[in-house]
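Analysis of the macromolecular model
Read off the chains here:
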Amino acid sequence: MNDLTFKLLAAARRLAQLLVVIVGSTFLVSLLLQLLPVGLKELYVFALDEAGRQQQIQALHLDKNPVMFYLYWLWDFVRGDFGSIVYPTGVLDPVMPKVTAAMPVSLRLVFYVQALALVVSVPLGILSAYRAGRRSDRVISYVLFSAASIPNFVFALLLASFFGVTLAWLPPLGYVAPSENLVEHLRTMALPVLALAIPTIATYTRLLRTDVIAALREDYVTMAASKGLSNIRILFTHILRPSSVTLFTSAALNMGALIGGTLVIEQIFTIPGMGTEIGIAIFSRQYFALQSYVAVIAIGYVLFNSIVDIAVGFVDPRSRDRRNG
Amino acid sequence: MALFAVVGHWIPLPDPREFDIDASAVGPFSPGHLLGTDAGGYDLLSNIVNGARTSLLISIVSVGLGGFIGSVLGILAAYRRGRLDYIINTTFNIMLSIPNLVLGLALVAVLANNADPAIPVNPNRRMFVIIVSLTIVIIPILGRIARGATLTWSNREFVVAARSMGMKDLNIVLRHIVPNVLPAIYAVGFLAVGVVIVAEGALSLLGVGIVDGLSWGAMIARVAGEFEYAPQSMYVPVLVLALTVIACNQIGDFLRGRLDVREGKI
């Protein structure tokens, strides 16, 4: 078998795996609805006369078995119909516009956090690794270990109370779209981003530190140094390139924790993102909407991780060989 | 710190639900209330100690149960290989594809429900649901670790030797694989306890956790909107929670450091 067909086969296998996971996770969420202690019909069918009841039941696919119910949902979902919020009057309020409104807000939040975390943790991790074992490194390590252990909502509440209320430097809650007022947007985002970024920075820095220390011990680094290459050159070409792979992989994995984090943080700071929408869906018992929100998050998370996986393959040929071999 | 987390719930203290009208929102170290009270006059120390029971019960039970089921599945998958391995591993992947807090939130929100929204769900049932949900969240995390560890161990010489001497599979797994896989599970298990304590707090903040105020998360959730009146009511549970999580992570990290040669050296 030549190299190209081999690669294509591997890619097809990956794609199939990806589809299995996506279908599986959305089906899992769909099954959740069947586990409701309350019947879906009692929750969402409000018509009083029998004909109206039957019509509503059919419109919501509630007369189908779990598998068919899922397939109907999937078919709608693929076509961009994310289900509806059902009002007691029988009025249907589609979920799709809510997702398109909330998604960018959450994505922006996550993007700021990842960007800030990487910008801070890369120099900090390198610094810490070069001074490994010295007092400054031990202090940084200990502080970071604690910071990584403290849940982000703790930071959120403390930051909101200190900077938002006591000092009143920054608005303790609210959200302003960047198109409306960029400065206000950044001011409202500052505290939530910080709350999510502190534990993230700690995690990344610790990881990079370990990685850089390990890389510094590699023979090829000693070799490069003995060839007379400058420290900066060694740092960028021999140390950071392999280390960045671990960093980006874990940044991708950390997306899951961040998405979970935004759920809480958005509610604390009343940011109209996916977390807030999910909260509303839970409180008003809109489980069709909840199903689609969770499905969107799961699909996004899986896709993002696969993309990073592929990107890592480009940066680090070693992982590519391992996978194919 | 770990000691504090363990002994915490055996110290006898006054009823946390009792409130002191005369001493609402008093500061720490005031007479009768060592850590002060919150805006409603609830004694914070007593709440912390009794909340510890709920928070730790939830986390230890769900990690224990999830760890057990996860390990059994993981070891089974890795030892048997083949189709069973594919099914179990894919199921783990599917469950991990939903961020764990989102999964936990969805499970609790769906399962802790009453036909009539006006009737609040019985607290015991709610706690049961939270434990079940968090167990489900933990299973794939620890199951994967168990699978990975078993994969590396089951090809080692002594396992192959045992098999070639005609030892039964069950015996091989119990004698040779489980003891070697367990340390890895313990290490990650402690980290998972920290994760679950945080998750419990987060669920409370999102309004689906324990609601009657006897867990750390509920304490935080209750005062989250009003902490300017009694700042200590915010700082106390937040600090206790953070310290406990740090303690759990420290133990987990220590265990992992001894196992992981690469990181252990550093």
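Once that is clear, we can look at the overall build of chain A. Looking only at helices and strands, chain A has 13 helices and two strands in total. A buried classification covers 47% of the 325 residues belonging to chain A. Partitioning the intrachain contacts of chain A with sequence separation of at least 6 by distance along the chain shows that 70% fall at a separation of at least 24. Accessible surface, chain A: about 16,100 Å² in total, of which carbon and sulfur atoms supply 68%.

Looking only at helices and strands, chain B has ten helices and zero strands in total. Ordered by position from the N terminus, the helices and strands of chain B form the series α-α-α-α-α-α-α-α-α-α. Across the 266 residues in chain B, those meeting the buried criterion constitute 50%. In chain B, once contacts between residues fewer than 6 apart in sequence are set aside, the share between residues at least 24 apart is 67%. A total of about 12,400 Å² of accessible surface is found on chain B, and carbon and sulfur atoms cover 66% of it.

All right, on to the environment of serine 306 of chain A then. All names here are of chain A. Turning to its location among the elements, serine 306 is positioned in helix H12 (residues 287-315). By relative accessible area, which is 12% here, serine 306 ends up buried. Aside from chain neighbours lying at most four places away, what touches serine 306 is Arg14 and Leu18.

Another aspect to go through is the confidence of the model for chain A. Residue and element names in this part refer to chain A. When pLDDT is averaged along chain A, the result is 77, and 88% of the positions lie at 70 or above. Least confident of the elements in chain A is helix H13 (residues 317-324), whose mean pLDDT is 52; most confident is helix H5 (residues 96-130), at 84. In this model, residues 321-325 is a region of pLDDT below 50 whose contacts with residues beyond four sequence positions or in other chains number four contacts.

Our next topic: the interface of chain B and chain A. The interface is formed by 49 residues belonging to chain B together with 48 residues belonging to chain A. Summing both partners gives a buried area of about 4,100 Å² for chain B against chain A, and 78% of it is carried by carbon and sulfur. The interface formed by chain B and chain A contains zero salt bridges. Taken together, the connections running from chain B to chain A amount to zero residue pairs in polar contact (both at pLDDT 80 or more).

Moving on: the packing of aromatic side chains. Residues and elements named next belong to chain A. Using the criterion set out here, one finds four aromatic pairs over all chains in the structure. With 6.3 Å between their ring centres and 50° between their planes, phenylalanine 111 and tyrosine 112 make a pair best called tilted. When its relative accessible area of 24% is taken as the criterion, tyrosine 112 is described as partly exposed. By the ring-pair criterion, three or more aromatic residues cluster together here, those being Phe27, Tyr70, Trp73 and Phe77.

With that settled, consider H5 of chain A. When the terminal C-alpha atoms of H5 of chain A are compared, their 50 Å separation across 35 residues agrees well with the 51 Å that a helix rising 1.5 Å per residue should span. The sharpest bend along H5 of chain A comes to roughly 30°, located at serine 121 of chain A, with the proline proline 123 of chain A sitting one to four residues further on.

Our focus in this paragraph is the packing of helix H6 (residues 135-149) of chain A against helix H8 (residues 182-216) of chain A. Residue and element names in this part refer to chain A. Running from N to C, H6 and H8 cross one another at 135°; their axes reach a closest spacing of 8 Å. Between H6 and H8, the interaxial angle falls into the category oblique. The interaxial crossing formed by H6 with H8 has left-handed handedness. From H6, Asp137, Ser141, Leu144, Phe145, Ala147 and Ala148 reach across to H8, where they touch Ile198, Pro199, Ala202, Thr203, Thr205, Arg206 and Arg209. Among the residues making up the contact of H6 with H8, the classes are represented as seven nonpolar, three polar and three charged.

Helices that pack against each other are described as a pair by the angle of their axes relative to one another and the distance between those axes. All names here are of chain A. Contact pair H5 / helix H11 (residues 274-283): the axes reach a minimum separation of 7 Å and the direction vectors enclose 135°. Taken together, the axes of H5 and H11 are oblique relative to one another. Residues Lys98, Ala102, Met103 and Ser106 of H5 form the contact with H11, whose own contacting residues are Met274, Gly275 and Glu277. For the contact of H5 with H11, a count of residues per class yields three nonpolar, two polar and two charged.

What follows deals with H6 of chain A. Residues spaced three or four apart along an α-helix face the same direction, because each turn holds 3.6 residues. For H6 of chain A, spanning 15 residues, the distance from its first C-alpha to its last is 21 Å, which sits close to the expected 21 Å at 1.5 Å a residue. Residues of H6 of chain A that are buried include every one of Asp137, Leu144, Phe145, Ser146, Ala147 and Ser149 of chain A, and no others.

All right, on to a nonpolar patch on the surface then. Residue and element names in this part refer to chain B. On the surface, a cluster of nonpolar side chains totalling about 500 Å² of accessible area is made up of Leu57, Val61, Leu65, Phe68, Ile69 and Val72. Among the structural elements, leucine 57 can be located in helix H2 (residues 44-80). Among the residues examined, leucine 57 registers a relative accessible area of 41% and is labelled partly exposed.

Each value, and the rule that gives it
Residues numbered from 1 in each chain as written. Chains lettered and ligands numbered in written order. Predicted model: local features only at pLDDT ≥ 70, side-chain atom pairs only at ≥ 80, totals over all residues. Heavy atoms only, no water. Helix = DSSP H or I, 4+ residues; strand = E, 2+ residues; numbered from the N terminus. Buried < 20%, exposed > 50% of the residue type's maximum accessible area, 1.4 Å probe, protein only. Contact = heavy atoms within 4.5 Å. Areas by Shrake-Rupley, 256 points an atom, 1.4 Å probe, with all protein chains shown as cover. pLDDT = per-residue confidence, 0-100. Buried area = accessible area lost by both parts, 1.4 Å probe. Salt bridge = Lys/Arg side-chain N within 4 Å of Asp/Glu carboxyl O. Polar contact = N/O pair within 3.5 Å; in protein donor to acceptor, adjacent residues only side chain to side chain. Phe/Tyr/Trp six-rings, centres within 6.5 Å; stacked < 30°, edge-to-face > 60°. Expected span 1.5 Å × (residues − 1). Bend = angle between axes of the 7 residues up to and from the residue. Axes fitted to C-alpha atoms, helices over the stretch in contact; angles between N-to-C directions. Parallel < 35°, antiparallel > 145°, perpendicular 65-115°, else oblique. Left-handed = near helix turned anticlockwise from the far one by under 90°. Nonpolar A, V, L, I, M, F, W, Y, C, P; charged D, E, K, R; others polar. Patch = residues over 30% accessible without salt bridge, like charges linked within 9 Å, V, L, I, M, F, W, Y side chains within 5 Å.

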